[in-house]
Structures are given as structure tokens and as C-alpha cells.
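Residues per chain, in single letters:
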Amino acid sequence: MEIIQNVDSLRNRVEFLRKERKYIGLVPTMGYFHDGHLNLMRLSVSECDVTVVSNYVNPAQFDRRDDLESYPINFERDKALAEEIGVDIMFYPQTLYQSDHKTWVTVEKLTDVLCGRSRPGHFKGVATVVCKLFNIVNPHVAYFGQKDAQQAAVIEQMIKDLNFDIRLVLSPIIREHDGLAMSSRNVQLTPEHRKKAPVFYEQLQLIDKKLLPDLSNKEMLIEQAKKTLENIPGVRVDYIEVLSWPHLEIPDKTSHRLLIAGAVFFGNVRLIDNIIKEL
Ligand code: PAF
């Protein structure tokens with residue numbers, strides 16, 4: 001596996017591969033790989049001639065300094081895992097922002113709800129860095145995980161609006177044996193909160209199971225879920241919501257798919273999870 005740290009070197013390498021008519025897959029990550037990331041890499045390796053994995057903790061998408069500073073990093077472990085899967089290139093830049101950076105990508109409406117509402121500026125940072133990665137790598141296909149469902153909806157919109165010729169693949173959430181969605185943040189949970197964290201997914205599953213076709217019990221189910229979670233010491237619900245998928249609007253009888261999504265603080269650790277429900 002090649003490790004490329006420099007933007008121009010990666011651009012030249014990919015240009016050469018494109019001329020060789022190679023089909024290129026990009027897996028954008030912030031490192032500290034778990035099975036969710038590895039699954040995206042395996043998918044890309046199986047579908048593409050060349051897989052590029054970016055490994056960059058993007059400061060622009062963090063709304064809290066302590067969150068950025070405590071974000072886990074282990075490059076040597078990441079390198080070994082990606083190599084084992086057959087990743088061809090790991091892009092590991094020191095920074096993707098010059099000191100005079102002034103250009104930002106904003107995707108409207110889709111970013112006003114859910115995580116966009118509670119983490120101002122987060123999706124501006126995500127869309128900008130993904131736009132940069134698309135421009136640098138110029139992949140045919142890009143792989144994203146459903147755990148960050150809103151992120152995928154935002155990127156899909158950006159692909160359409162900015163005319164990127166890139167196919168987005170959304171891969172299902174990979175879970176621990178007890179149902180907790182895999183996340184680089186899970187290692188930051190206290191042992192007590194790690195034990196209780198699966199209650200989050202259980203509550204989303206309960207909403208999924210009990211939601212009536214006319215959605216009339218939606219608010220009641222959401223309130224029950226919040227109450228159950230907030231009964232756990234040190235737990236605070238940021239949001240639990242049911243919106244249409246992928247437009248992220250208030251659902252009605254014409255909605256074919258729903259996103260049952262939540263963000264919950266276990267102590268200082270903010271976990272997200274969701275279920276996409278077909279109606
Ligand atoms: O999902 C992530 O890990 C990040 O938001 C991404 C897409 C790599 C952008 O920094």
C-alpha cells in the first residue's frame with residue numbers, strides 16, 4: 001500500500017491510473033478504523049481496480065475543541081488494517097487547509113435538522129473536506145456508512161448540485177454483538193456507559209416496531225425513548241427524530257421511507273445511530 005501525504009503527488013498518481021482506465025473507489029475516513037470502516041474498504045476493494053482511503057481528522061467539522069482534541073488516532077494500526085484488506089493508496093495529509101483558506105461548501109435545508117441543528121458548522125466542514133477529496137482523488141465511486149445517514153444525504157445532494165460524476169454507495173451500519181453501532185467514539189465511553197449504550201439502538205428499534213402507519217403515535221414513542229434513555233445516569237438525549245428519507249423533512253402519508261435517527265450523550269461522548277424504515 002502506498003502512503004501519500006501530498007496533494008499533488010496523489011493527484012498525479014490518480015491521473016496516471018485514470019489514463020490506465022482503472023476504476024477508482026474512495027473511502028473517506030478520519031482514521032481510527034473499526035469494522036464499519038473496514039467493511040467500506042472491503043466493498044471498494046471488491047468493486048474497484050484501485051481503492052484510495054483518506055485518513056484525515058478534519059478540524060473544520062468539529063464544533064467543540066475538546067471533541068477534536070480527544071479524537072482517537074492510531075496511524076500504525078490503521079495502516080496495518082488497510083494493508084491487510086488490500087487498500088492500494090492511503091492519503092494521509094498533514095492538513096488540507098492553507099492558512100488563508102476562505103472557501104466553504106454549504107448544503108442548505110438538509111443541514112438545518114438533526115446533527116446540523118445541534119452542531120452548527122459541522123456539515124459545512126464535512127461538505128468542504130469531501131468536496132476537496134473528490135477534487136483531489138476524482139474517484140468513480142465513494143463509499144459512506146449509513147451510521148452517518150445525514151452526512152450521506154448531504155453529500156448526495158452536493159454531488160448532484162455541483163455536478164460531480166461520482167456514484168455514492170451507502171453501506172449498512174455495522175454493529176457490535178450487543179447492537180451498539182460501531183464508532184471510533186465507542187472507546188471513549190466509560191465501562192458503565194459502554195454497558196448501557198445498546199439501550200440507544202433498542203429504543204430506535206422500539207420506535208421502528210411500534211410506529212403506526214399513519215405516524216399518529218410518533219411523538220409519544222419519541223418521548224418514551226427519550227425518557228428511558230435519560231433515566232440512565234449521565235445520559236442526555238440531544239435529539240431523537242423521525243423524518244422522511246432522504247429529504248429529511250417532516251414525514252407524511254406520501255413518505256415512502258423514514259429515517260429514525262438519534263444523537264445521545266453518554267457523559268461527554270456523543271453517539272449517533274439510526275434506522276431507515278421502508279413504508
Ligand atoms: O464520516 C467521516 O468520517 C467524516 O465525516 C468524513 C466523511 C471522512 C469527512 O471528514
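Overview of the structure. (Residues numbered from 1 in each chain as written. Predicted model: local features only at pLDDT ≥ 70, side-chain atom pairs only at ≥ 80, totals over all residues. Heavy atoms only, no water.)

### Here we look at the packing of helix α1 (residues 7-19) against helix α6 (residues 122-137)
Relative to each other, α1 and α6 sit at 50°, their axes nearing to 8 Å. Classified by the angle their axes make, α1 and α6 are oblique. Of the residues in α6, those in contact with Val7, Leu10, Arg11 and Val14 of α1 are Asn135, Ile136 and Val137. A class-by-class count of the residues in the contact of α1 with α6 yields 5 nonpolar, 1 polar and 1 charged. (Axes fitted to C-alpha atoms, helices over the stretch in contact; angles between N-to-C directions. Helix = DSSP H or I, 4+ residues; strand = E, 2+ residues; numbered from the N terminus. Parallel < 35°, antiparallel > 145°, perpendicular 65-115°, else oblique. Contact = heavy atoms within 4.5 Å. Nonpolar A, V, L, I, M, F, W, Y, C, P; charged D, E, K, R; others polar.)

### So, the site of the ligand
In the vicinity of the ligand, the contacting residues are Pro28, Thr29, Met30, Asn58, Gln61, Val129, Val130, Phe144, Asp148 and Gln151. Side-chain polar atom of glutamine 61 to an oxygen atom of the ligand: 2.6 Å apart, as the coordinates give it. Glutamine 151 places a side-chain nitrogen or oxygen 2.6 Å from an oxygen atom of the ligand. Against a free-state accessible area of 290 Å², the protein chains account for coverage of 90% of the ligand. At the level of elements, β2 (24-29) and α6 are the ones that each hand at least two residues to the shell around the ligand. (Near = heavy atom within 4 Å. Polar contact = N/O pair within 3.5 Å; in protein donor to acceptor, adjacent residues only side chain to side chain. Areas by Shrake-Rupley, 256 points an atom, 1.4 Å probe, with all protein chains shown as cover.)

### Quick word on the sheet that holds strand β3 (residues 50-55)
Whenever strands of a sheet pair, they do so through backbone hydrogen bonds, lying parallel or antiparallel. In space, the 6 strands of this open sheet follow the order β1-β4-β3-β2-β5-β6, with parallel pairing throughout. For this open sheet the edge positions go to β1 (2-4) and β6 (167-171), each flanked by a neighbour on one side alone. Each adjacent strand pair in this sheet contributes to an overall mean axis angle of 25°, direction not counted. Across 3 bridges, β3 lies against strand β4 (residues 89-91) in parallel orientation. Bridge assignment links valine 52 to a residue of β4, and that residue is isoleucine 89. Where α1 meets the sheet, it contacts β1, β2, β3 and β4, and its direction lies at approximately 150° from that of β4. In this fold helix α7 (residues 149-161) packs onto β5 (141-145) and β6, with an angle of close to 170° to the strand it touches most, β6. (Pairing = 2+ DSSP bridges.)

### Describing the sheet that holds strand β8 (residues 257-266)
Strand order in this open sheet of 3 strands is β7-β8-β9, and the pairing throughout is antiparallel. Strands at the two margins of the open sheet, each flanked by one partner only, are β7 (235-244) and β9 (269-278). Here the average twist between neighbouring strands, direction ignored, is 10°. For β8 and β9, the ladder comprises 10 bridges, and the chain directions are antiparallel. Paired with alanine 261 across the strands is asparagine 274, a residue of β9. Of the strands in this sheet, β7, β8 and β9 touch helix α9 (residues 198-210), which is tilted by about 25° from β9.

### Some details on the environment of isoleucine 240
Looking at the secondary structure, you find isoleucine 240 in strand β7. Once the C-alpha coordinates of isoleucine 240 and serine 171 are considered, the two residues, 69 residues apart in sequence, prove to be 22 Å apart. Discounting residues that sit within four places of it in the chain, isoleucine 240 has contacts with Leu204, Ile207, Ile222, Ala225, Lys226, Leu229, Ala261 and Gly262.

### Some words on the nonpolar core
Soluble globular proteins tend to pack their nonpolar side chains together in the buried interior. One finds Phe134, Ile155, Met158 and Leu248 to be the most contacted residues of the largest nonpolar core, which totals 48 residues. Looking at this core, the element that brings in the most residues is α6, giving 10 residues. Apart from residues no more than four positions distant in its own chain, phenylalanine 134 is found in contact with Leu26, Pro139, Ala142, Phe144, Ile155, Met158, Ile159, Phe164 and Ile166. Leu180, Tyr201, Val235 and Leu258 belong to the second-largest nonpolar core, a separate cluster that totals 26 residues. (Core = buried A, V, L, I, M, F, W, Y, C linked by side-chain atoms within 4.5 Å. Buried < 20%, exposed > 50% of the residue type's maximum accessible area, 1.4 Å probe, protein only.)

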